[in-house]
Amino acid sequence: MKLKKKEQKRFNGLILLVVLLLIGFLAGIVGEGLYELNICRRALKGGNEIGTEEIDSTHMQITQTVEGEKVDDAEAEKNVNSASEDLTVLKQIHITIDERFINKLCYAYSTDEDFTAYITIHTKDVYNAPITAEIQDFSRKNLNETVINLKDYVTEIFIEVPENVEISNIVVDNSWDWNWYRVAYIGVFIFIVLSIFCFRKIIAAHIEKGFLLLSLCCGMLFIAIQPPECTTWDEHIHFAKAFDWFENGTADRTESEAYLYYYPEQENRAPFLSKEEKAMQIQYLNSHHNGAVETYERDAYTLNAVGELHMALAIKVVKYLGLPFYAQFIAGKIANLLLYTLLIYWAIKIIPVGKKFLTSVSLMPTLMIQSTSYTYDIVVIGFLVLGMAMVIAEYFQEERIFSWKKTVFIAILFIIGSCPKPVYIPLLASLIALPEKKFKTKRHMILCKTFLIVVCMIMIMTLLIPAASGGVEADSRGGATDVAQQMGLVLSQPFSYIQIFITDVISSLNGYIFNASALSTIPYAGTHPFEGAVSLLCLGIALTEKKPVFPASKKNIVRFKVIMTLIVVGTLGLVWSALYIVFTPVGNMHILGVQARYYIPLIIPAYMIFYTKKIETNYRETTYNTIMLLIILWLAHGTMYDQFFLTYCQ
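This structure is a prediction, so every number in the text was calculated from the model and none was measured.

Rules used throughout
- Residues numbered from 1 in each chain as written.
- Predicted model: local features only at pLDDT ≥ 70, side-chain atom pairs only at ≥ 80, totals over all residues.
- Heavy atoms only, no water.
- Helix = DSSP H or I, 4+ residues; strand = E, 2+ residues; numbered from the N terminus.
- Rg over C-alpha atoms; globule rule 2.2 N^0.38 Å.
- Contact = heavy atoms within 4.5 Å.
- Areas by Shrake-Rupley, 256 points an atom, 1.4 Å probe, with all protein chains shown as cover.
- Expected span 1.5 Å × (residues − 1).
- Buried < 20%, exposed > 50% of the residue type's maximum accessible area, 1.4 Å probe, protein only.
- Polar contact = N/O pair within 3.5 Å; in protein donor to acceptor, adjacent residues only side chain to side chain.
- 1 Å grid on protein atoms, 1.4 Å probe; cavity = no way out; pocket = protein on both sides within 12 Å on 5 of 7 lines; lining within 4 Å.
- Points joined across faces, edges and corners; volume = space filled by probe spheres on them.
- Nonpolar A, V, L, I, M, F, W, Y, C, P; charged D, E, K, R; others polar.
- Salt bridge = Lys/Arg side-chain N within 4 Å of Asp/Glu carboxyl O.
- Phe/Tyr/Trp six-rings, centres within 6.5 Å; stacked < 30°, edge-to-face > 60°.

Caption draft 1: Molecular detail of the overall build of the chain. A tally of helices and strands in the chain yields 22 helices and 10 strands. A globule of 650 residues ought to have a C-alpha radius of gyration of about 26 Å, and the chain, at 28 Å, matches this closely. Dimensions of the chain along its principal axes, counting C-alpha atoms only, are 95 × 70 × 50 Å. Here the analysis covers contacts within the chain between residues at least 6 apart in sequence; of these, 83% occur between residues at least 24 apart. Approximately 30,300 Å² of the chain is accessible, and the part contributed by carbon and sulfur atoms is 62%.

Okay, here's the thing in structure tokens:
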């Protein structure tokens, strides 16, 4: 009878889920319909029509400029002949029209090289006063067409391009423009909000299911609205490794793969200013994935390759099914998202304390972006967090014997998580603070702890031995780097290096920890628009979440926290030192290359160092979780909307 009731509840829950999906979809349809109706209403003002209209040459005047200054043709020719190399002669197209609403501005171009178009539009502000708006359009030679969202009332347009670029077919596009990206965006957010309320009792009992809901829904939406290009830290490198993971020695690159590799992530971000340009780029990638255009040498058998295996497998499967290149590209990102969601889901389920804290941290902007990109950071973070969750569970389950099976399994999790970055393996040593009563015998305890220390030492040796023997290459991005010289300098003057290390770590505290840059940074787009809310939310949850009593004597708790502190400090030392040796110019007085995201695997250990039951609040689980998840959803919107949806998907 109980079984039937459970099955009925599950069936009812599934039906409700389908209903909510339909409601979300319909809300997206309605929202997009109303948006397009408003665009059409604005386009019809002044007696204009819905549709596309090519701008007549009588409304255009073509002149030349030098560094933004308008000159006549004779003077331009004189400046070209006499100007220094750092002056650029530009072709300026001045378009004058009667004031009208322009949704999209389109034009074709012909060029043999990439260029930047500088577009200035004359419009009016909310007080009806004349203003100008400037747009930089980074145009790639492979597309030959530009579609820019203006969505404003315009009287004049200036387009400046290099003089060797030919511009033609300048068109005002005010046609009905149904946008499925907007339907999906509205629909997903409506579905998540409704699900948070309708399943609030289930989420209150199992917060990991709330994480599952937001991680999968927001993650899949995020993948859909990202540009068809690499956007996060070192993503082009991990993309190339994932696509050629099964090739060793000589590997081939198609034109599509070469394009994404040689146009890496950058401060200017992806050069697509509309969904039409995004679609053109996807079409280009799909149609240029046949046949190799270059070969290169690679070593597939490295430790860090473990971090890209799951993405490589997904790409291989999709490629075997005969799907186009962009589907393969997306498959790798989905594999990363699914692995991250699975690992963190189980970590939240297993960890006996800080479930809400871990949920909130795991859904913050930086981790949301990393989990939907090509990076091995997800393997590092996911496996280490799951490993730490199992470690902490052992400390809170004093009566359960710590078996060899559990010892080996936890060690494997930490080994996998440390393969891409061995500097984090000391976290495994957090198990050595387990009291003797957790083991069958004293001999069992000594053997287990010895095994854990040996594993840590072996993993650290995989980092130190190649560096000492010259097997590790310095990263040229750091400047005049040399691994052997830098290591020699550190070993010969250890106290001088320790001074540099302490100074740099202290100076980074404000940005990396207090401002939560590790969780709020959007790669190549600055910080989250609500950066302060990220740190306030995580800190607030850490302080107010209900906490069980640490079931250990004061002596054991102190020992646990001291050992955990030493491990965190030691791991930080390895992180900073690794980048000083590999990424920093020899003898430099500051350590370069350390980023706030490298602190993420240390968040849960740091949480346990400051763990106390003295600060907490009483609240209803349903209310607390609902508010928390809605705030996280708001932060997710802040991550995706301005930086990605408005830029690439309308």
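Caption draft 2: Layout of helix α3 (residues 180–198). With 19 residues, α3 extends 26 Å from end C-alpha to end C-alpha; this agrees with the ideal 27 Å at 1.5 Å per step. Every buried residue of α3 is accounted for by Arg182, Val183, Tyr185, Gly187, Phe189, Phe191, Ile192, Ser195 and Ile196. Capping the start of α3 is the job of one residue whose side-chain oxygen sits 2.9 Å from the backbone nitrogen of Tyr181: Asn179.

Caption draft 3: Region of the structure containing the layout of surface pockets. Computed from the structure, the second largest pocket encloses a volume of approximately 960 Å³. What lines the second largest pocket is a set of 32 residues, and nearest its centre among them are Ile513, Ile603, Ala606, Tyr607 and Phe610. A total of 6 residues in the lining of the second largest pocket trace back to one element, the largest contributor, which is helix α19 (residues 531–544). Residue composition of the lining of the second largest pocket, by class: 28 nonpolar, 3 polar and 1 charged.

Caption draft 4: Local environment of the pattern of salt bridges. One pass over the structure, following the stated rule, counts 20 salt bridges. Note that Glu32 is salt-bridged to Arg182, the shortest N-O span being 2.9 Å. Residue Glu32 is located in helix α1 (residues 2–44), and its partner Arg182 is located in helix α3; the two are separated by 150 residues in the primary sequence. The pair Glu32 / Arg182 is uniform in exposure class, with both members buried. For the salt bridge of Lys333 with Glu235, the shortest nitrogen-to-oxygen distance reads 3.7 Å. Pair noted here: Lys333 is in helix α10 (residues 325–350) and Glu235 is in helix α6 (residues 235–243), with a separation of 98 residues, a long-range link.

Caption draft 5: Quick look at the packing of aromatic side chains. On inspection of all chains with the given rule, the structure shows 38 aromatic pairs. Seen in terms of ring centroids, Tyr345 and Trp346 are 5.7 Å apart; in terms of plane orientation they differ by 90°. Their pairing is edge-to-face. What makes Tyr345 buried here is its relative accessible area of 14%. Seen in terms of ring centroids, Tyr607 and Tyr611 are 6.1 Å apart; in terms of plane orientation they differ by 65°. Their pairing is edge-to-face. A relative accessible area of 10% means that Tyr607 is categorised as buried. Using a relative accessible area of 5% as the deciding quantity, one classes Tyr611 as buried.

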